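Below, each chain spelled out in residue letters.
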Amino acid sequence: MNSFHPTRSTALPLLEAFHPDIFSHIFPLLTGLELCRMRRVNKTLLALTDDYFQRTFTIERVLSPFFNDWDMKVFRELQALTGAIIGGSAVVQFFGRVHYPESDLDVYSEFAGIPMFATLLEQAGYHFIPEKQQRRTFREEYNALAADPPEEPHLYSGFEASAILTIFTFRHPGDSDFGTTKSIQLMATRGPVVGAVLLYHSSCVMNIITYHAAYSFFPRITFHRYEAIVTRNEHSEWLEVVSPIANTRAKYEKRGWTFVASDPDDHLPHELHRRHRRVGDRHCWTIPLPLTSPNDDRRTVDSHQLNSWFTTNRKYHTKHCMRFDRSIHPSLRPVAYTHATFGTLDRNNN
């Protein structure tokens, strides 16, 4: 019996014959790279794929578990003002189209911008949860750090954060609006926020959401191959023996990622070759987000795109690991104020 091998001319009419609702079941099974390839097939699939992107990749999916509509808008306004970004597992969920019920929201901001986010969280019903070494209230802890910043790097479960000054944890007790207890961590950085993300334990969590867009730095290996490259920097040769780091890697292994060494002989994606990279370059997966104030000319450019790094491959204790040498110019910091401000947000000003 003769077998049938569909050609491009025969396959396209078959695809177009499917009811559009069929693709709502197909698209979630595709990786991000496969979706981008799908939209190039023809105009019909382009329209269907773009509609899926608009419905699926929304900032509301990230923020709605933590905020109501008004507070979401204020949060994004603060992002625009301070240059703060969202990082960690929340962004992995955004690009991977998955849900981790136990995950927190990690917000990275330069130190001067932290009080405004803290004010928003307190008015949204969150409470500051001090660590053992921290003072009882947020304001006491913040003012003490402002007067005498610590010199030692902060060890956070995920990376040896020499770029992190401290972490302020806020927790919502849970009610009918939120359903369960939710935590938000304000990561106070020592400098530009992108620099802290490049100190993560591996490449799979090097993704950020700014006011303007969501960026995955290494999308092919992260969301197509579901592999992660172990990273090293000048401060972190000792990290493999630190239990929080090992626990975090084990968590991502359970979520489906395979940790691999970046052996130069491996066939790695171009995004991981030795080269100069920047936020939003052609190797990134970039998803623009709607602006809260579209007519504000001051917000049309994402200054985070000017932050860059250089990817190298080095050998540590017989293992190949990636190293990212950051190149972040201090003049690119979007924070335009020099002192902390405490206050009350006007919740009637919509």
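Residues numbered from 1 in each chain as written. Predicted model: local features only at pLDDT ≥ 70, side-chain atom pairs only at ≥ 80, totals over all residues. Heavy atoms only, no water.

Chemist: How do you make sense of the overall build of the chain when you look at a structure like this?
Modeler: Of regular secondary structure, the chain possesses 12 helices and 16 strands. When contacts within the chain are restricted to residue pairs at least 6 apart in sequence, long-range pairs at least 24 apart make up 72% of them. (Helix = DSSP H or I, 4+ residues; strand = E, 2+ residues; numbered from the N terminus. Contact = heavy atoms within 4.5 Å.)

Chemist: What is the right way to read the pattern of salt bridges from this model?
Modeler: Pairing is possible between side chains of opposite charge, provided their charged atoms come close. On inspection of all chains with the given rule, the structure shows seven salt bridges. Glu227 is the partner of Arg225 in a salt bridge, and the nearest nitrogen-oxygen pair spans 2.9 Å. Judged by relative accessible area, Arg225 falls into the partly exposed class, the value being 35%. With its nearest N and O atoms 2.5 Å apart, the salt bridge here joins Arg277 to Asp281. (Salt bridge = Lys/Arg side-chain N within 4 Å of Asp/Glu carboxyl O. Buried < 20%, exposed > 50% of the residue type's maximum accessible area, 1.4 Å probe, protein only.)

Chemist: Looking at this structure, how should I read the side chain of Asn42?
Modeler: As for its position among the elements, Asn42 is in the loop between helix H3 (32–38) and helix H4 (43–56). Within the local environment of Asn42, its side chain forms a polar contact with the backbone nitrogen of Thr44, the two atoms lying 3.3 Å apart. (Polar contact = N/O pair within 3.5 Å; in protein donor to acceptor, adjacent residues only side chain to side chain.)

Chemist: What exactly am I supposed to notice about the pairing of strand E7 (residues 182–189) here?
Modeler: Consecutive residues of a regular strand have side chains that alternate between opposite faces of the sheet. In terms of burial, E7 is a largely internal element, eight of the eight residues being buried. The pairing of strand E2 (residues 105–110) with E7 spans six bridges and is classified as parallel. Residue pairing for E7: Leu105 is matched across the bridge by Ile184. Both strand E6 (residues 164–172) and E7 contribute to a ladder of eight bridges, which runs antiparallel. Each bridged residue has a counterpart across the sheet, and for Ile167 the counterpart in E7 is Met187. (Pairing = 2+ DSSP bridges.)

Chemist: Help me understand helix H6 (residues 69–82), please; the structure alone is not making it clear to me.
Modeler: Counting along an α-helix, one turn takes 3.6 residues, and residues three or four places apart therefore face a common direction. With 14 residues, H6 extends 20 Å between its outermost C-alpha atoms, agreeing within 8% with the 20 Å of an ideal straight helix rising 1.5 Å per residue. Burial in H6 covers these residues: Trp70, Asp71, Met72, Val74, Phe75, Arg76, Leu78, Gln79 and Thr82. Taken together, the buried residues of H6 touch helix H5 (59–63), strand E1 (85–87), E2, helix H8 (114–123) and strand E8 (207–209). For H6, the side-chain oxygen to backbone nitrogen distance between the N-cap and Trp70 is 3.2 Å, and the N-cap itself is Asn68. (Expected span 1.5 Å × (residues − 1).)

Chemist: Would you mind going over the nonpolar core with me for this structure?
Modeler: Taken as a class, soluble globular proteins show a tendency for nonpolar side chains to be buried jointly. Phe67, Ile86, Leu105, Phe168, Leu186 and Phe217 are the most contacted members of the largest nonpolar core, which has 87 residues in total. If we ignore the near neighbours within four places in the chain, the residues touching Ile86 are Ile59, Val62, Leu63, Phe75, Gln79, Val91, Leu105, Asp106, Asn207, Ile208 and Ile209. (Core = buried A, V, L, I, M, F, W, Y, C linked by side-chain atoms within 4.5 Å.)

Chemist: What's the story with the side chain of Ser183 in this structure? I'm lost.
Modeler: As for its position among the elements, Ser183 is in strand E7. Separated by 3.0 Å, the side chains of Ser183 and Arg171 make a polar contact. Contacts of Ser183, omitting those with residues within four sequence positions, involve Phe66, Asp104, Leu105, Phe170 and Arg171.

Chemist: What is the right way to look at helix H7 (residues 89–96) in this model?
Modeler: Among the eight residues that make up H7, eight are buried, leaving the element largely enclosed by the rest of the structure. The set of residues buried in H7 consists of Ser89, Ala90, Val91, Val92, Gln93, Phe94, Phe95 and Gly96. At the exit of H7 stands Arg97, carrying a positive phi of roughly 55°.

Chemist: Could you clarify how one ought to interpret the environment of Gln79 in this entry?
Modeler: Locating Gln79 in the fold gives a position in helix H6. Gln79 gets classed as buried once you look at its relative accessible area, which sits at 2%. With sequence-adjacent residues up to four places away left out, Gln79 is seen in contact with Ala84, Ile85, Ile86, Phe117, Ile209, Thr210 and Tyr211.

Chemist: Looking at this model, I keep getting lost on unusual backbone geometry. Mind explaining?
Modeler: Only a minority of non-glycine residues have a phi that is not negative, and only a minority of peptide bonds are not trans. Look at Arg97: it is not a glycine, yet its phi comes out positive at around 55°. Mapping Arg97 onto the fold places it in the loop between H7 and E2. Despite not being glycine, Tyr226 shows a phi value in the positive range, around 50°. Considering the arrangement of structural elements, one finds Tyr226 in the loop between helix H11 (219–223) and strand E10 (227–229).

Chemist: Can you walk me through the packing of H8 against helix H9 (residues 138–147) in this structure?
Modeler: Describing two packed helices takes the angle between their axes plus the distance from one axis to the other. Taken N-terminus to C-terminus, the directions of H8 and H9 make an angle of 175°; their axes are 12 Å apart at the nearest point. With respect to each other, H8 and H9 are oriented roughly antiparallel. Between H8 and H9, the residues in contact are Ile114, Pro115, Ala118, Thr119 and Glu122 and Phe138, Arg139 and Tyr142, respectively. Here the residues of the contact of H8 with H9 are counted per class, giving five nonpolar, one polar and two charged. (Axes fitted to C-alpha atoms, helices over the stretch in contact; angles between N-to-C directions. Parallel < 35°, antiparallel > 145°, perpendicular 65-115°, else oblique. Nonpolar A, V, L, I, M, F, W, Y, C, P; charged D, E, K, R; others polar.)

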